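These are the residues of each chain, in order.
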Amino acid sequence: RYMARKLAPPINIEGKVVVAPTLPDLARLLEQRKVDFYMESAYPTYLVNDVHDGGKLLLRRWQRGKAEYQSLIFAKKDSGVTSLQDLQGKVIAFEDPESTSGHFLPRFFLLKKGFKMVETNRPDAKSSPPPIGFIFAYSQAKIVELVLTQQVAAGAFNDDDYAKLDEKSKADINILAQTEMLPRHLVSVRKDMPTALASRIEKILISMSEDTEGLKVLQKTGDTTKFDMLPGGDEGMRRKLLDSFFSAGIK
């Protein structure tokens, strides 16, 4: 509604929220012009824009004062797991099947390193080379619990999750690897949106953090801090997403 009011002159525009059950549904809604813009984390954005050819990048969205984040792969300090190679034939806990930083980013990071991965809590340790098994814990707290009680060999979460840990837990954790930094969220528009309209949406979103009403809307929108231009531009960010996800060899 905020966006519609800002876009309205000289014609009346209605603001409407559409919920897409799946990412392919979102891509179709964009193609059908039933959705004009959307906000998502890096991996879903890559799928909608590049795999389903549904949208194009516009802006970066800051959340809780941060523009980017990375995933950390960690183990218990005295577990004997001191490197990524030690994970072969063992199990790593990811957060959620749909999470960019708690699943896709660390998983694709391991795949690009040449590790085989299989969703199971009992990987075949006799195969050569043995795969890394993975399971989903569905919460950051559960991942830490599974790792510290050695029910799994390792876990993955983002750097914000690590920062929130108490000092005792931090002292008991060994970071095995850090992935590249990616934007926390991105804003995309439908591919056939006129350049002039996309530019107006871009200016409205960027100026929201300087407007009293806009700030209130941002805070209610997943604790958004602000929107800004894409580092490296549209093409640079698109290449970064492709490097992070497409080169892993799976979609």
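Overview of the structure.

Looking at the sheet that holds strand 6 (residues 117-119)
Part 1: With mixed pairing, the six strands of this open sheet are ordered in space as 6-7-5-8-4-9. The strands lining the two open edges of the sheet, one partner per strand, are strand 6 and strand 9 (173-178). On average, each strand axis in the sheet is inclined to that of its neighbour by 30 degrees, with strand direction left out of account.
Part 2: Sheet topology note: the strand 4 (residues 71-76)/strand 8 (residues 154-158) ladder contains four bridges and is antiparallel. Each residue of the ladder has a partner; that of leucine 72, found in strand 8, is phenylalanine 157.
Part 3: Across the sheet, helix 4 (residues 100-112) is in contact with strand 4, strand 5 (91-94), strand 6, strand 7 (132-136), strand 8 and strand 9; its angle to strand 4 comes to roughly 80 degrees.

Observations concerning the pairing of strand 8
Within a regular strand, side chains alternate between the sheet's two faces.
Part 1: For strand 8, a buried count of five out of five residues is recorded, marking the element as mostly surrounded by other parts of the structure.
Part 2: Here strand 8 shows two buried faces, one formed by Ala154, Ala156 and Asn158 and the other by Gly155 and Phe157.
Part 3: Of the strand pairs in this sheet, strand 5 and strand 8 are connected by two bridges, and their pairing is parallel. Looking at strand 8, one finds that alanine 93 is bridged to glycine 155.

Some details on the packing of helix 2 (residues 23-31) against helix 3 (residues 42-51)
Part 1: Between helix 2 and helix 3, the shortest axis-to-axis distance is 9 Å and the interhelical angle comes to 50 degrees. As far as their axial angle goes, helix 3 and helix 2 are oblique. Like other packed secondary-structure pairs, helix 2 and helix 3 cross with a definite hand, here right-handed. On helix 3, the residues that touch Leu23, Leu26, Ala27 and Leu30 of helix 2 are Pro44, Leu47 and Val48.
Part 2: Of the residues in the contact of helix 2 with helix 3, the class split is seven nonpolar, no polar and no charged.

Points about the pattern of salt bridges
Part 1: Tallied over the full model, the rule gives 18 salt bridges.
Part 2: The residue lysine 76 makes a salt bridge to aspartate 172 at a minimum N-O spacing of 3.7 Å. Taken as a pair, lysine 76 in strand 4 and aspartate 172 in the loop between helix 7 (167-171) and strand 9 lie far apart in primary sequence, 96 residues in all.
Part 3: Assessed through its relative accessible area of 10%, lysine 76 is described here as buried.
Part 4: The exposure class of aspartate 172 is partly exposed, given its relative accessible area of 22%.
Part 5: Ionic pairing is found between lysine 170 and glutamate 167, a salt bridge with its closest N-O pair at 3.9 Å. Here lysine 170 and its partner glutamate 167 are both found in helix 7, three residues apart, which amounts to about one turn of the helix.
Part 6: A relative accessible area of 18% means that lysine 170 is categorised as buried.
Part 7: What emerges from the salt-bridge pattern is a single network uniting Arg33, Asp36, Arg190 and Asp192.

Focus on the environment of valine 217
Part 1: Tracing the backbone through its elements, the reader meets valine 217 in helix 9 (residues 212-220).
Part 2: C-alpha separation for the pair valine 217 and proline 24, spaced 193 residues apart in sequence, amounts to 28 Å.
Part 3: Dropping the residues within four chain positions of it, valine 217 is found in contact with Tyr2 and Met208.

Conventions and cut-offs
Residues numbered from 1 in each chain as written. Predicted model: local features only at pLDDT ≥ 70, side-chain atom pairs only at ≥ 80, totals over all residues. Heavy atoms only, no water. Pairing = 2+ DSSP bridges. Helix = DSSP H or I, 4+ residues; strand = E, 2+ residues; numbered from the N terminus. Axes fitted to C-alpha atoms, helices over the stretch in contact; angles between N-to-C directions. Contact = heavy atoms within 4.5 Å. Buried < 20%, exposed > 50% of the residue type's maximum accessible area, 1.4 Å probe, protein only. Parallel < 35°, antiparallel > 145°, perpendicular 65-115°, else oblique. Left-handed = near helix turned anticlockwise from the far one by under 90°. Nonpolar A, V, L, I, M, F, W, Y, C, P; charged D, E, K, R; others polar. Salt bridge = Lys/Arg side-chain N within 4 Å of Asp/Glu carboxyl O.

Geometric values such as these leave the question of function open.
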